[in-house]
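Structure at a glance
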Amino acid sequence: MQKEIMLRAMRFDDLDKVYEIERCLFPNPWPRYFFEEDLQFSNTIAFVVENNGEIIGYSLGSCADIRLHITNIAVVAGCQRRGIGQILLREMESVAIERGCTFAYLEVRMNNTAAIGMYKNAGYDILHVSKRYYIDGDDAYVMHKELI
Ligand SMILES: CC(C)(COP(=O)(O)OP(=O)(O)OC[C@H]1O[C@@H](n2cnc3c(N)ncnc32)[C@H](O)[C@@H]1OP(=O)(O)O)[C@@H](O)C(=O)NCCC(=O)NCCS
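Now for a look at the structure at hand. (Residues numbered from 1 in each chain as written. Predicted model: local features only at pLDDT ≥ 70, side-chain atom pairs only at ≥ 80, totals over all residues. Heavy atoms only, no water.)

What follows concerns the overall build of the protein chain. Of regular secondary structure, the protein chain possesses four helices and seven strands. Each helix and strand of the protein chain, ordered N terminal to C terminal, gives the series β-α-α-β-β-β-α-β-α-β-β. Relative to the globule expectation of 15 Å for 148 residues, the C-alpha radius of gyration of the protein chain, 15 Å, shows essentially globular dimensions. For the protein chain, the spread of C-alpha atoms along the three principal axes comes to 40 × 35 × 30 Å. Within the protein chain, buried positions represent 46% of all 148 residues. Here the protein chain contributes 16 positively and 21 negatively charged side chains, and the mean placements of these two sets differ by 5 Å. (Helix = DSSP H or I, 4+ residues; strand = E, 2+ residues; numbered from the N terminus. Rg over C-alpha atoms; globule rule 2.2 N^0.38 Å. Buried < 20%, exposed > 50% of the residue type's maximum accessible area, 1.4 Å probe, protein only. Lys, Arg positive; Asp, Glu negative; His and termini not counted. Charge placed at Lys NZ, Arg CZ, Asp CG, Glu CD.)

Dropping the structure here:
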């Protein structure tokens, strides 16, 4: 991986690549229309990270009043553990703070050590377990963080 890393807002014409990554990384990927719908909502925050023009990661979240709900974050397998996830997370938090959010939360599979590690590293704590949160019946940790 070279160092020409750029973060920018996600656009509709990114969705072919974003959806390809989604299907590679998640056991139960979002349907494509989730991305299409989210990009139309004004409360959505959505970024991609490019490396030399190629999308290697993305994030989505939504702001509701003072709460940022982090709904998706992913980095392609070959580019993980190089700080990209953290960049995506930090940028989403900072836009959410600009929009008045004081609190961020998310759901994560209890066996997803990489994601749990990333969130803990960024200051998130486990709040509780959400039983059968996922469509395949898996439970989720709900994690949260005070943003300011
Ligand atoms: C979770 C994910 C987005 C992390 O992205 P990333 O770019 O690899 O993360 P970063 O390099 O920014 O890591 C930041 C910190 O998270 C933690 N972390 C990341 N990957 C980890 C792993 N495999 N095991 C343990 N901790 C990990 C570390 O504390 C790391 O800091 P360090 O490298 O200085 O030790 C990535 O693993 C991924 O896309 N996973 C598949 C999709 C997914 O599960 N998304 C989350 C849904 S809730």
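Before going further, it helps to spend a moment on the sheet that holds strand E7 (residues 140-146). In a beta sheet, neighbouring strands are held together by backbone hydrogen bonds and run either parallel or antiparallel to one another. Overall, mixed pairing links the seven strands, which are arranged E1-E2-E3-E4-E5-E7-E6 in an open sheet. For this open sheet the edge positions go to strand E1 (5-9) and strand E6 (125-130), each flanked by a neighbour on one side alone. Taken pair by pair, the neighbouring strands of this sheet meet at an average axis angle of 25°, ignoring direction. Each of strand E2 (44-51), strand E3 (54-64) and strand E4 (67-75) touches helix H1 (residues 15-25); the most contacted strand, E3, lies at about 90° to it. (Pairing = 2+ DSSP bridges. Axes fitted to C-alpha atoms, helices over the stretch in contact; angles between N-to-C directions. Contact = heavy atoms within 4.5 Å.)

To continue, consider the site of the ligand. Every one of the 21 residues lining the ligand counts as a neighbour, but Ile73, Arg81, Gly83, Gly85 and Asn112 are closest to it. Note that an oxygen atom of the ligand is positioned 2.6 Å from one of the side-chain N or O atoms of Asn112. Contacts to the ligand include Met118, whose backbone N or O atom sits 3.3 Å from an oxygen atom. In isolation the ligand has 910 Å² of accessible area, and contact with the protein removes 76% of it. Elements represented by at least two residues in the shell around the ligand include exactly E4, helix H3 (84-98), strand E5 (103-109) and helix H4 (113-121). Sorting elements by how many residues they give to the shell around the ligand places H4 first, with six residues. Its residues assigned to classes, the shell around the ligand comprises 11 nonpolar, seven polar and three charged. (Near = heavy atom within 4 Å. Polar contact = N/O pair within 3.5 Å; in protein donor to acceptor, adjacent residues only side chain to side chain. Areas by Shrake-Rupley, 256 points an atom, 1.4 Å probe, with all protein chains shown as cover. Nonpolar A, V, L, I, M, F, W, Y, C, P; charged D, E, K, R; others polar.)

Core analysis: the biggest nonpolar cluster contains 43 residues, and Met10, Tyr58, Leu68, Ile70, Tyr119 and Tyr124 have the highest contact counts within it. Contributing elements (two or more residues each) for this core: H1, E2, E3, E4, H3, E5 and H4. (Core = buried A, V, L, I, M, F, W, Y, C linked by side-chain atoms within 4.5 Å.)

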